[in-house]
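# Architecture at a glance
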Amino acid sequence: MSFSVVPFSQGGNAITWSGTGSAFNAELASSQLIPVSPGTIYTFGAYVDATWVTAGAPTIGVYSPPGTALQTVAQTAGSKGVVSYTWTCPAGITEIALGFSPAACTVASGEELIFAQPIEVPGSTLPAYSPGLNWSAGGSAFAGQTVAAVMASRDLGVTWQVLRYGNGVPIPGSQQVVIPDYESSPGKQSLYYGLTQCPNLGVESSPSAQVNATTSATSWWAINPLDPSAAISLTVTGHTSAQIEQSSAHTSIGIGLPQVIASAIGGSDGSIEVTTTTQTQYQALQEMLASQQIQWLISPLGDGLYIRIGPQPGGMSSGMGNQTRQSTVSGTAASPVVVTTVTYNQVAAP
């Protein structure tokens with residue numbers, strides 16, 4: 001028996017049995033437990049593709065723990081579509097699971113028997129079925145509930161991490177998900193792969209093929225990774241940065257040159273001169289500084305680093321601390337030109 005999450009045009013992601021040309025054993029896969037109330041009418045259903053079933057009839061059904069069948073319904077061999085059944089919960093039953101079984105049927109070698117998007121709802125009518133991945137309106141959907149995850153690599157595949165905002169994304173009926181990447185460096189290649197997951201069954205698809213992408217930028221941007229909607233474009237007229245290597249020198253007797261012990265070069269400390277020419281630009285910059293949030297700073301030159309504002313010593317007017325900015329105003333009241341020097345140091349991603 002094989003469990004996999006596979007895309008197909010009708011029914012979305014699914015549980016599959018791969019055919020061998022021989023009859024299956026009496027196998028059963030089940031959902032998580034679903035709470036029910038005795039005496040209540042329910043309807044269950046699923047999309048079952050039995051196109052390649054040559055003998056027997058696969059079934060879906062309602063089971064009470066530890067696996068007692070309360071009601072089952074079969075899909076006709078050679079057919080595909082939604083099968084459903086209305087039943088009344090008997091006394092003493094408070095939890096059920098939906099079960100899926102090839103029921104000793106035979107599937108052509110190399111083909112698949114597919115169960116997709118099961119659902120259990122109160123009442124005698126299922127929601128209208130439409131092909132896609134989220135046929136779950138108004139009921140307890142589980143096996144058909146699918147989400148997408150995207151992994152990203154910034155070092156050509158050496159290390160991988162879940163793309164921020166790219167985990168557990170519900171897949172709509174269109175079967176297309178757009179997941180933006182706010183934290184790539186301009187001009188530098190990133191690798192990506194995706195997969196789909198069926199959390200309630202604890203299964204996921206195999207990774208997709210890897211794809212690469214390279215972004216570009218025509219201006220500087222400060223992007224709050226935790227709130228990308230607050231990103232602002234910066235007109236930078238000057239940028240100074242420095243990196244420090246922590247090291248110490250030891251001079252030995254009789255050796256003219258010192259021995260230097262050094263650690264890895266640290267992150268960047270720097271300052272940028274930001275020119276604003278409108279009140280809107282100036283206020284956006286001040287709000288970004290006042291938020292004290294870590295920013296993802298990118299430039300058209302390929303810079304991409306997480307920064308914290310204010311590494312320089314502050315003056316007496318602010319008390320002891322870090323200087324975050326220094327501004328110079330010129331122009332007129334109608335057309336003010338404000339040059340703000342913003343100091344920063346590089347930090348880890350939030």
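Calculation notes
Residues numbered from 1 in each chain as written. Predicted model: local features only at pLDDT ≥ 70, side-chain atom pairs only at ≥ 80, totals over all residues. Heavy atoms only, no water. Helix = DSSP H or I, 4+ residues; strand = E, 2+ residues; numbered from the N terminus. Buried < 20%, exposed > 50% of the residue type's maximum accessible area, 1.4 Å probe, protein only. Contact = heavy atoms within 4.5 Å. Areas by Shrake-Rupley, 256 points an atom, 1.4 Å probe, with all protein chains shown as cover. Core = buried A, V, L, I, M, F, W, Y, C linked by side-chain atoms within 4.5 Å. pLDDT = per-residue confidence, 0-100. Polar contact = N/O pair within 3.5 Å; in protein donor to acceptor, adjacent residues only side chain to side chain. Salt bridge = Lys/Arg side-chain N within 4 Å of Asp/Glu carboxyl O.

## Section: the overall build of the protein
On a plain count of helices and strands, the protein comes out with one helix and 27 strands. Classification of the 350 residues of the protein by burial places 38% in the buried group. Within the protein, contacts between residues separated by at least 24 positions form 66% of all contacts whose residues are at least 6 apart in sequence. A total accessible area of about 18000 Å² is found for the protein, and carbon and sulfur atoms account for 53% of it.

## Side note on unusual backbone geometry
In terms of backbone geometry, most residues other than glycine have negative phi values and most peptide bonds are trans. The backbone of Leu156 shows a phi angle near 60 degrees, a positive value even though the residue is not glycine. Judged by its relative accessible area of 60%, Leu156 falls in the exposed class. One non-glycine residue, Tyr165, adopts positive backbone phi at about 70 degrees. The residue Tyr165 is located in the loop between strand S13 (161–162) and strand S14 (169–170) in this model. The exposure class of Tyr165 is partly exposed, given its relative accessible area of 40%.

## A short note on the environment of Gln293
Relative to the helices and strands, Gln293 is located in the loop between helix H1 (279–291) and strand S22 (295–298). Given the relative accessible area of 34%, Gln293 is considered partly exposed. Along the chain, Gln293 and Asn224 lie 69 residues apart, while their C-alpha atoms are 6.9 Å from each other. Beyond its immediate chain neighbours, meaning those up to four positions away, Gln293 contacts Asn224 and Leu226.

## Quick notes on the nonpolar core
Of all hydrophobic cores here, the largest spans 26 residues; its most connected members are Trp17, Ile60, Ile96, Phe100 and Leu113. When contributions to this core are tallied by element, the ones reaching two or more residues are strand S1 (14–18), strand S4 (41–49), strand S6 (59–64), strand S8 (80–88), strand S9 (95–101) and strand S11 (112–122). Ranked by residue count, the leading element in this core is S4, at four residues. Membership of the second largest hydrophobic core comes to 16 residues, among which are Trp220, Met288, Leu305 and Val342.

## Here we look at the confidence of the model for the protein
In low-pLDDT segments, the atomic positions of the prediction should not be examined closely. Here the protein averages 78 in pLDDT, and 79% of its residues register 70 or above. Strand S24 (residues 312–313) is the least confidently modelled element of the protein, averaging 49 in pLDDT, while strand S5 (residues 53–55) averages 93, the highest of any element. Within the model, pLDDT remains below 50 along residues 130–145, and this stretch shows 63 contacts once partners closer than five positions in the same chain are excluded. The model gives residues 313–320 a pLDDT under 50, and that stretch makes six contacts with residues more than four places away or in other chains.

## A look at the side chain of Ser219
Within the secondary structure, Ser219 sits in the loop between strand S17 (211–214) and strand S18 (220–223). Of the polar contacts made by the side chain of Ser219, one reaches the side chain of Trp221; its length is 3.2 Å. Separated by 3.1 Å, the side chains of Ser219 and Ser233 make a polar contact.

## As for the pattern of salt bridges
As enumerated under the stated definition, the model contains two salt bridges in all. Between Arg154 and Asp181 there is a salt bridge whose closest N-O contact spans 2.8 Å. Here the residue Arg154 occupies a position in the loop between strand S12 (147–153) and S13, and Asp181 occupies one in the loop between S14 and strand S15 (189–198), the gap between them amounting to 27 residues. Given the relative accessible area of 33%, Arg154 is considered partly exposed. Classification of Asp181 as partly exposed rests on a relative accessible area of 21%. Linking Arg164 and Glu183 is a salt bridge whose minimum nitrogen-to-oxygen distance equals 2.5 Å. In this pair, Arg164 is assigned in the loop between S13 and S14 and Glu183 in the loop between S14 and S15, connecting sequence segments 19 residues apart. A residue is classified by how much of its surface remains accessible, and Arg164, at 23% relative accessible area, is partly exposed.

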